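# Structural characterization, general
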Amino acid sequence: MVDAATTSDEIFAFDNSYVRLPERMFARVSPAPAREPRLLLLNRRLAEELRIDPDRLGRPDAVEVLAGNRIAEGSDPIAMAYAGHQFGNWVPQLGDGRAVLLGEVIDRNGQRRDVQLKGSGRTPFSRMGDGKAPLGPVLREFIVSEAMAALGVPTTRSLAAVATGERVYREDALSGAVLTRVAASHVRVGTFQYFYARDDVEALKALADHVTARHYPEVADAEAPALSLFEAVKARQADLVARWMGVGFIHGVMNTDNMTISGETIDYGPCAFMDAHREGQVFSSIDVGGRYAYGNQPRIAHWNLVQLAQALLPLLPGSKEAAVERMQASVDAFPELFQTAWLGVMRRKLGLSPVAEARAVEEDAGLAADLLSTMEANGADFTLTFRGLAALAPPETADGQAVRDFFADPGAFDAWVGRWTARLAADPMSPAERRVAMNQTNPLFIPRNHRVEEALAAAEEGDLGPLETLRAVLARPFEDQAEHVHLAQPPLSEDAAYRTFCGT
Ligand code: AMP
Ligand code: MG
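Our focus in this paragraph is the overall build of the protein. A tally of regular secondary structure across the protein gives 17 helices and 12 strands. Viewed in the frame of its principal axes, the protein has a C-alpha envelope of about 65 × 60 × 55 Å. Out of the 504 residues belonging to the protein, those deemed buried represent 57%. Across the protein, the fraction of contacts at a sequence separation of at least 24, relative to all contacts at a separation of at least 6, is 73%. For the protein, the exposed area adds up to about 20,100 Å²; of that, 53% sits on carbon and sulfur atoms. Of note, the protein has its 51 positive side-chain charges centred 2 Å away from the centre of its 68 negative side-chain charges.

Right, let's get into the coordination of the magnesium ion (ligand 2). On the protein side, the magnesium ion (ligand 2) has Asn258 (OD1) and Asp267 (OD) as donor atoms, found 2.2 Å from it. Given the relative accessible area of 15%, Asp267 is considered buried.

Before going further, it helps to spend a moment on the site of ligand 1. Residues in close proximity to ligand 1 total 17 residues, the closest being Gly95, Gly97, Arg98, Gly131 and Asp267. Here Arg98 contributes a side-chain N or O atom positioned 2.5 Å from an oxygen atom of ligand 1. Measuring from a nitrogen atom of ligand 1, one finds a backbone N or O atom of Gly131 at 2.8 Å. Taken by itself ligand 1 offers 490 Å² of open surface, and the protein chains cover 85% of this. Classifying every residue of the shell around ligand 1 gives two nonpolar, seven polar and eight charged. Both domains that meet at the shell around ligand 1, namely domain 1 (5-186) and domain 2 (190-342), each give it at least three residues.

Before going further, it helps to spend a moment on the pairing of strand S10 (residues 173-183). Residues in a regular strand point their side chains to alternate faces of the sheet. In terms of residue burial, S10 counts as a mostly covered element, since eight of its 11 residues are buried. The sheet contact formed by strand S8 (residues 133-134) and S10 spans two bridges and is antiparallel. Within S10, the position partnered with Pro134 by the bridge is Gly176.

Turning to the packing of aromatic side chains, a few remarks are in order. For the structure shown, the criterion picks out 14 aromatic pairs. For the ring pair Phe283 and Tyr498, a centre distance of 5.7 Å and an interplane angle of 75° mean the geometry is edge-to-face. Taken together, the positions of Phe283 in the loop between strand S12 (272-273) and helix H8 (297-312) and Tyr498 in the segment after helix H17 (465-474) put the pair 215 residues apart, joining distant regions of the chain. Here Tyr498 falls in the buried class, since its relative accessible area comes to 11%. Note on Phe413 and Trp416: the rings are 6.2 Å apart at their centroids and 10° apart in plane angle, and the pair reads as stacked. Of this pair, Phe413 and Trp416 both sit in helix H14 (residues 410-425), three residues apart, roughly one helical turn. Trp416 matches Phe413 in its accessibility class, with the two residues each being buried. Positioned over the ring face of Tyr82 is Arg188, at 4.1 Å from the centre of the ring.

Now for the side chain of Glu146. Examined against the element boundaries, Glu146 turns out to sit in helix H4 (residues 135-150). Setting aside residues up to four positions removed in sequence, Glu146 forms contacts with Asn43, Leu46, Glu141, Arg157 and Ser158.

Let us look at the domain arrangement of the protein. Domains assigned within the protein are domain 1 (5-186), domain 2 (190-342), domain 3 (352-439) and domain 4 (449-495). Centre-to-centre separation of domain 3 and domain 4, based on C-alpha positions: 27 Å. In this assembly, four residues from domain 3 lie in contact with six residues from domain 4. Of all residues in domain 3, the largest losses of buried area upon contact with domain 4 belong to Leu384, Arg387 and Asn439, amounting jointly to 83% of the total for that side. The shortest N-O distance in the salt bridge between Arg387 and Asp480 comes to 3.4 Å. Here the side of domain 3 that touches domain 4 is built from residues that sort into one nonpolar, one polar and two charged.

Basis of the calculations
- The residue count restarts for each chain, going from 1 along the sequence in the order it is written.
- Chain labels run from A onward and ligand labels from 1 onward, assigned in the order the entries are written.
- A pLDDT threshold of at least 70 governs which residues receive local features in this predicted model, and a stricter bar of 80 or more applies before side-chain atom pairs are shown or counted, although totals over entire chains, interfaces and linings include all residues.
- Heavy atoms throughout the structure, all of them, feed into the side-chain values; hydrogens and water do not.
- In this description a helix means any DSSP run of H or I spanning at least four residues, a strand means any run of E spanning at least two, and both kinds are numbered starting from the N terminus.
- Working definition: with a 1.4 Å probe on protein chains only, accessible area under 20% of the residue-type maximum means buried, over 50% means exposed, and in between means partly exposed.
- In what follows, residue pairs with any heavy atoms lying within 4.5 Å of each other are defined as contacts.
- Areas reported here follow the Shrake-Rupley algorithm with a probe of radius 1.4 Å; residue values treat only the protein chains shown as occluding.
- In this count, Lys and Arg are taken as positive residues and Asp and Glu as negative ones, while His and the chain termini are left out.
- To locate a charge, the coordinates of NZ of Lys, CZ of Arg, CG of Asp or CD of Glu are taken.
- Coordination partners: N, O, S within 2.8 Å of the metal, 3.2 Å for Na, K and Ca; water not considered, so apparent gaps in a site are possible.
- By convention in this text, a residue qualifies as near a molecule or strand provided that one of its non-hydrogen atoms is within 4 Å of it.
- We call two N or O atoms a polar contact when they sit within 3.5 Å, provided that within protein one can donate a hydrogen and the other can accept it, with sequence-adjacent residues counted only if both atoms are side-chain atoms.
- For this classification, Asp, Glu, Lys and Arg are treated as charged, while Ala, Val, Leu, Ile, Met, Phe, Trp, Tyr, Cys and Pro are nonpolar and the rest, including Gly, are polar.
- Each domain span listed reflects an automatic or database assignment of domains.
- Any two strands between which DSSP finds at least two bridges are classified as paired.
- Note on ring pairs: Phe, Tyr and Trp rings are taken, using the six-membered ring of Trp, and paired if centres are within 6.5 Å. Classes follow the plane angle, with under 30 degrees stacked, over 60 edge-to-face and the rest tilted.
- Lysine and arginine charges are scored as sitting over a ring when NZ or CZ, respectively, is within 6 Å of the ring centre and within 35 degrees of the ring normal.
- Summed over both partners, the accessible surface that disappears when two parts come together, traced with a 1.4 Å probe, is what is meant by buried area.
- What makes a salt bridge here is a side-chain nitrogen of Lys or Arg within 4 Å of a carboxyl oxygen of Asp or Glu, nothing more.

Now the structure itself:
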C-alpha cells in the first residue's frame, strides 16, 4: 500500500476542512517564530496513529514546524473564533488567542484529527494576552492529557513539546514552550454560542453540518438533525464526565469554551486529580466559589449543555415554541442520563458485572455513594481505595488489610465492605474474573500533584528524567509496576494549599 504520508518529504498529509467553512468563522494567522527551538517531548505512538513518521517529526526542519518557525507543506494555519461563558459570565468573543490550527490529518482509523500549536504567539483573538505559553504548563498538559488517554478517558492529546529558547513574562520571567495538541476537533460549545449571539444562522448551520459529518454522521439524516446532534453531544458529555468522576479528575475550568462538541476533555489548565476523596475538592486558584468542584461537575455539564441547546435552537424545524419545547425535554433528561453513565462507571469499579438486573440499580447506586461518603469522612485516598477493593473481594487476599488502613475509622469501612461482599455474592462474575476486571478499571497510577510538580521542577532545571519516568509509568496505569510504587502513593501530608492555575 502506498501511504500518502511517506511518499514525499512532507511531514503531515494535511487535509484541511475547517478552512473551507465561511471565512468569518476563523482568522488566517501565522505562528510566531521561536528563537531557539528545542524538542523536549515527542509522542511517537501518537505520531504513528496519525500516520506521521516519528523519526521524520524529530528532524530539525520538523521541530521548526512544531515551534512555529516554518509552515509545513499543506498547512493552512488559522485561529478559530469562539465565545463562551466563563464562570457563568457571558464573554462574546474569546477565540484562539494563543493557539494556531496547523491543519487536519486523517488518522489510521480514518478519523479526522486537528493538529494545533498552543503557545505560538498572538492572533486576532489574543486581546491583552501575549499568545505564549510557559514551559511548566506545557509539560503539565502533556503529562496529564496523555495520562488521561491511558486511563481510557476521551481527551485531546499531546504530540510534542518544544522549548522556544525565549522568556515568557508572567509574575516572573519563565522559559517559553509550544505544545502540539491533537484533537478530534477544536469545536466547542462556545463556538456555537459565538454565532448564535451574532444571529448568524448561516454560520451556525455550516458549523453544525461540519461537526455532524465529523463526529456524528449517524444523525445527519435525522428528522431534526440539530436536535439529534444535541442528543449525541449530551450523551458523550454524560459519558465523559462520568469517566472523570471515576478517576477522581477535577477539570477545574468547565467554561463553555472548554467543553468540546466531540466529547473529548480539553484545556488542561487548572485541572488536577484528587488524593483523599472530597466532593467539594477544588484546586484552581481562581475558583473561589467552588463552581467547578469535583462533585459539581455533572451539574456544570448540564448547565453548559443548556447553553448549547439554546445556541442550536435556530436550526430546529417548526415554530420557535415547538423547538424550545423539544430541546427543553432533551435538556431535562440529562441528569438521568448522567446518573446512568455514572452508575455504569461505579458498578465496574465495584467489580459488578456489566449486565445489571434492574432491581440492583438503586442498591448499587447507594452502595457506590456510601463508599464515597465513607471515604470522605475518613480521609481515604480515592485512587488507592478503589484499587485496593480487588484484594477485599472474596476470597480476600493478604493485601486487603492495607486498604482498611486508609480509613481513620476502619470499622466504618468494614461495615461497608460487609454490604458490598453480600452484593457480590449475588453477581455472576467469578472471583478470578472479577479481580482482573477490577484491576483493569481501577488504576494504580494517576498523575499525583506532588509527583507532577517534582518532575516539572526537575525539567525547569534541564533534567527531563523524572518527567520521562512519570510519563512511562502513567502510560500503563493499571499495571503493578512495583519498582515505581512510590509514584502511586499520595503525599505524606496532603498539601492543603496546593493550587492550580489557568493559562498554559
Ligand atoms: P483558557 O483559560 O485557556 O480557557 O483561555 C480563555 C481565553 O483566553 C481563550 O480565548 C484563550 O485563547 C485566551 N488566552 C489565554 N491565555 C492567553 C495568552 N497567553 N495569550 C492570548 N490569549 C490567551
Ligand atoms: Mg480554554
